[in-house]
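The lines below spell out each chain.
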2 protein chains.
Amino acid sequence: MVENFNEMNLQTLVYLAKCLADENRLRILFCVSKEKKSVSTIVEELQLSQPLISHHLKELKRSLLVTVERSGPFVYYELSDERILSILGKLNELGDDLLKARVSF
Amino acid sequence: MVENFNEMNLQTLVYLAKCLADENRLRILFCVSKEKKSVSTIVEELQLSQPLISHHLKELKRSLLVTVERSGPFVYYELSDERILSILGKLNELGDDLLKARVSF
DNA sequence: TCAGTATATAAATGTATATTTATATATCTA
DNA sequence: TAGATATATAAATATACATTTATATACTGA
């Protein structure tokens, strides 16, 4: 993995970060992270409107963060890559530490 | 590091991801990642207007991604934590792989 | 204290995007 | 094929945010 910005695709980074920068999309990602779930299941679990869920799923699909699979009338979504969780975990840890360091002065 | 969303602070994640979801802010982060730099240096290197740089630096400071230090008339900004680069590196790598997997069918 | 430089802030503008509401499409079953 | 359910899309609205322009504040040296 490179950490040299010359080798990083800024547009890709921005695109992915934007997709992760919404609380409802994060909730959806976590919701489908252990197993694939139908839209209606996600709607029920997250208590958000069906069009809103569909809209966010479309964004997540466009950014390739989830995969889609139709089975009969149901459409199942699932996290596309485990690393997404690990990256979010690291970002969360960083945020914690930054806040901790901050309140100490 | 936890990858269990129950232990993650969604608000913090959203806040940090938003801050990373702008190309100019990413360029600033990389610009100050090796050494602290004054605002005018950043302006010159990135070829953006001074008020725009100041605005983004304010956001980066609010999100604790950079630290600030004044010295005389100059204000120096620097990346606050090396892990920011490593997280961006991993996100970049993920994006690459997702795209690769995508074009293969 | 005044002039010049460095940086920050405010106001104005344009654009992107989250959400809601309404409707369309797709699939299954009777 | 008609009706019911599952999902997607479109239009409308509201809000957030990036950028520009103009101006204010902070510091330094004469």
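Structure: above.
Report follows, based on the coordinates. Computed from a prediction, not measured in an experiment: that's the story for all the values here.

Glancing now at the side chain of B:Thr12. Tracing the backbone through its elements, the reader meets B:Thr12 in helix H1 (residues 10-20). Beyond its immediate stretch of four places on either side in the chain, B:Thr12 contacts A:Gly95 and A:Leu99.

On to the packing of helix H2 (residues 23-31) of chain B against helix H3 (residues 39-46) of chain B, then. How two helices sit against one another is set out by the angle between their axes and by the gap between those axes. All names here are of chain B. Relative to each other, H2 and H3 sit at 120°, their axes nearing to 11 Å. With respect to their mutual orientation, H2 and H3 come out oblique. Both H2 and H3 take part in a crossing whose hand is right-handed. Each of Arg 27, Ile 28 and Cys 31 in H2 lies in contact with H3, whose residues at this interface are Ile 42, Glu 45 and Leu 46. When grouped by side-chain class, the residues that make up the contact of H2 with H3 number four nonpolar, no polar and two charged.

The environment of DNA strand C is made up of 22 residues, and the closest members are A:His56, B:Ser40, B:Gln50, B:Ser54 and B:Tyr77. Among the atoms of DNA strand C lying within 4 Å of the protein, the sugar-phosphate backbone contributes 71%. At a separation of 3.4 Å, a phosphate oxygen of DNA strand C approaches a polar backbone atom of B:Val39. Counting only elements with at least two residues in the surface near DNA strand C, the list comes to helix H2 (23-31) and helix H4 (50-62) of chain A together with H3, helix H4 (50-62) and strand S3 (74-79) of chain B. A per-class count over the surface near DNA strand C returns nine nonpolar, eight polar and five charged.

Right, let's talk about the packing of aromatic side chains for a bit. All names here are of chain A. Applying the stated rule across the entire model yields two aromatic pairs over all chains. Relative to Tyr 76, the ring of Phe 74 lies with its centre 6.4 Å away and its plane at 40°, an arrangement referred to as tilted. Assessed through its relative accessible area of 41%, Phe 74 is described here as partly exposed. For the cation-ring pair, Lys 36 lies above Tyr 76, with the distance from its terminal atom to the ring centre recorded as 6.0 Å.

All right, on to the sheet that holds strand S2 (residues 66-71) of chain B then. Residue and element names in this part refer to chain B. Taken together, three strands build an open sheet; the order of strands is S1-S3-S2 and the sheet is antiparallel. In this open sheet, the two edge strands, each paired with only one partner strand, are strand S1 (37-38) and S2. Strand direction decides the pairing type here: S2 and S3, joined by six bridges, are antiparallel. When the bridges of S3 are listed, Val 66 appears paired with Leu 79.

Quick look at the interface of chain B and chain A now. Counting residues at the interface gives 44 residues for chain B and 44 residues for chain A. Both faces combined, the contact of chain B with chain A buries some 4,200 Å², and carbon together with sulfur accounts for 76% of it. In this structure, the connection of chain B to chain A is made through two salt bridges. Counting across the interface, chain B meets chain A through four residue pairs in polar contact (both at pLDDT 80 or more). Among the elements of the structure, H1, H2 and helix H5 (83-103) of chain B are those that each provide at least two residues to the side of chain B that touches chain A.

As a further point, take the sheet that holds strand S1 (residues 37-38) of chain A. Residue and element names in this part refer to chain A. Pairing is antiparallel in the open sheet, where three strands are placed in the order S1-S3-S2. Looking at which strands have only one partner, the edges of the open sheet turn out to be S1 and strand S2 (66-71). Sheet analysis places S1 next to strand S3 (residues 74-79), joined by two bridges and oriented antiparallel. For Lys 37, the partnering residue across the bridge sits in S3 and is Tyr 77.

The rules behind each value
Sequence positions are assigned chain by chain, starting from 1 and proceeding in written order. Just so you know, chain letters begin at A and ligand numbers begin at 1, following the order they were written in. Residues qualify for local features only when their pLDDT is at least 70, as the model is predicted, and side-chain atom pairs are given and counted only at 80 or more; totals for whole chains, interfaces and linings, by contrast, use all residues. Side-chain figures throughout are based on the complete set of non-hydrogen atoms in the structure, without hydrogens or water. A run of H or I in DSSP counts as a helix once it spans at least four residues, and a run of E counts as a strand once it spans at least two, with each numbered from the N terminus. The contact criterion used throughout is that any non-hydrogen atoms of two residues lie within 4.5 Å. Here an angle of 0 to 180 degrees is reported between the N-to-C directions of two axes, which are lines fitted to C-alpha atoms, with helices fitted over the stretch in contact. Throughout, the term roughly parallel applies to angles under 35 degrees, roughly antiparallel to angles over 145, roughly perpendicular to angles from 65 to 115, and oblique to all others. Handedness of a crossing is defined here by the sense of rotation of the near helix relative to the far one, left-handed for an anticlockwise turn of less than a right angle and right-handed for a clockwise turn. Each residue gets one label: Ala, Val, Leu, Ile, Met, Phe, Trp, Tyr, Cys and Pro are nonpolar, Asp, Glu, Lys and Arg are charged, and the others, such as Gly, are polar. Note on terminology: near, applied to a residue and a molecule or strand, indicates that one of the residue's heavy atoms is within 4 Å of it. Here a polar contact is recorded for every N or O atom pair within 3.5 Å, except that within protein the pair must consist of a potential hydrogen donor and a potential acceptor, and residues adjacent in sequence are included only if both atoms are side-chain atoms. Planes of paired rings set the category: under 30 degrees apart is stacked, over 60 is edge-to-face and the rest tilted, where pairs are Phe, Tyr or Trp rings (Trp by its six-membered ring) whose centres lie within 6.5 Å. In this scheme, a residue with accessible area under 20% of its type's maximum is buried, one over 50% is exposed, and one in between is partly exposed, where area comes from a 1.4 Å probe on protein chains only. Counting as a charge over the ring demands two things of the Lys NZ or Arg CZ atom: a distance within 6 Å of the ring centre and an angle within 35 degrees of the ring normal. Two strands are said to pair when DSSP picks up at least two bridges between them. Simply put, the buried area is the total loss of 1.4 Å probe accessible area from both parts when two parts are fitted together. The salt bridge criterion pairs a side-chain nitrogen of Lys or Arg with a carboxyl oxygen of Asp or Glu, the two atoms within 4 Å.

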